[in-house]
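# Coordinates in review
Given next are the chains, with one letter for each unit.
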Amino acid sequence: MTEVAPDISPDEIGNEAHIQDDLDLDSMDILNFVTALHERLGIDIPEPDYPRIATLGKAIRYLGQRLA
């Protein structure tokens with residue numbers, strides 16, 4: 001996350017922090033986050049699934065299901 005939004009300290013990112021509302025990421029940051037996940041994990045995340053990665057905790061669960 002800090003590669004996508006370098007102004008965010010890792011200490012600010014809790015499991016339930018909403019990446020857009022609580023961490024003030026804009027839509028371009030979200031797109032960069034999704035792109036980084038795709039490049040690192042090889043998983044396509046369709047736009048309708050973006051709410052499923054809205055927090056770190058949700059993203060971990062979603063990606064875990066997709067990788068299984």
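Conventions adopted
Residues numbered from 1 in each chain as written. Predicted model: local features only at pLDDT ≥ 70, side-chain atom pairs only at ≥ 80, totals over all residues. Heavy atoms only, no water. Helix = DSSP H or I, 4+ residues; strand = E, 2+ residues; numbered from the N terminus. Expected span 1.5 Å × (residues − 1). Buried < 20%, exposed > 50% of the residue type's maximum accessible area, 1.4 Å probe, protein only. Contact = heavy atoms within 4.5 Å. Core = buried A, V, L, I, M, F, W, Y, C linked by side-chain atoms within 4.5 Å. Polar contact = N/O pair within 3.5 Å; in protein donor to acceptor, adjacent residues only side chain to side chain.

## Quick word on helix H2 (residues 56-67)
- Here H2 is 12 residues long and its end C-alpha atoms lie 16 Å apart, about the 16 Å a rise of 1.5 Å per residue gives.
- Taken together, the buried positions of H2 are Gly-57, Ala-59, Tyr-62 and Leu-63.
- Tucked into the core, H2 has its buried residues touching helix H1 (27-41).

## Considering the nonpolar core
- Membership of the largest hydrophobic core comes to 14 residues, with the highest contact counts inside it found for Ile-19, Leu-37, Ile-45, Ile-53 and Leu-63.
- Where this core is concerned, the elements lending two or more residues are H1 and H2.
- Not counting residues up to four positions away in its chain, the partners in contact with Ile-45 are Val-34, Leu-37, Tyr-50, Ile-53, Tyr-62, Leu-63 and Arg-66.

## Considering the side chain of Thr-55
- Structurally, Thr-55 is set in the loop between H1 and H2.
- The class of Thr-55 is buried, set by a relative accessible area of 6%.
- A polar contact of 3.0 Å, which involves the side chain of Thr-55, links it to the backbone nitrogen of Lys-58.
- If sequence neighbours within four positions are ignored, Thr-55 has contacts with Asn-15, Glu-16, Ala-17 and His-18.

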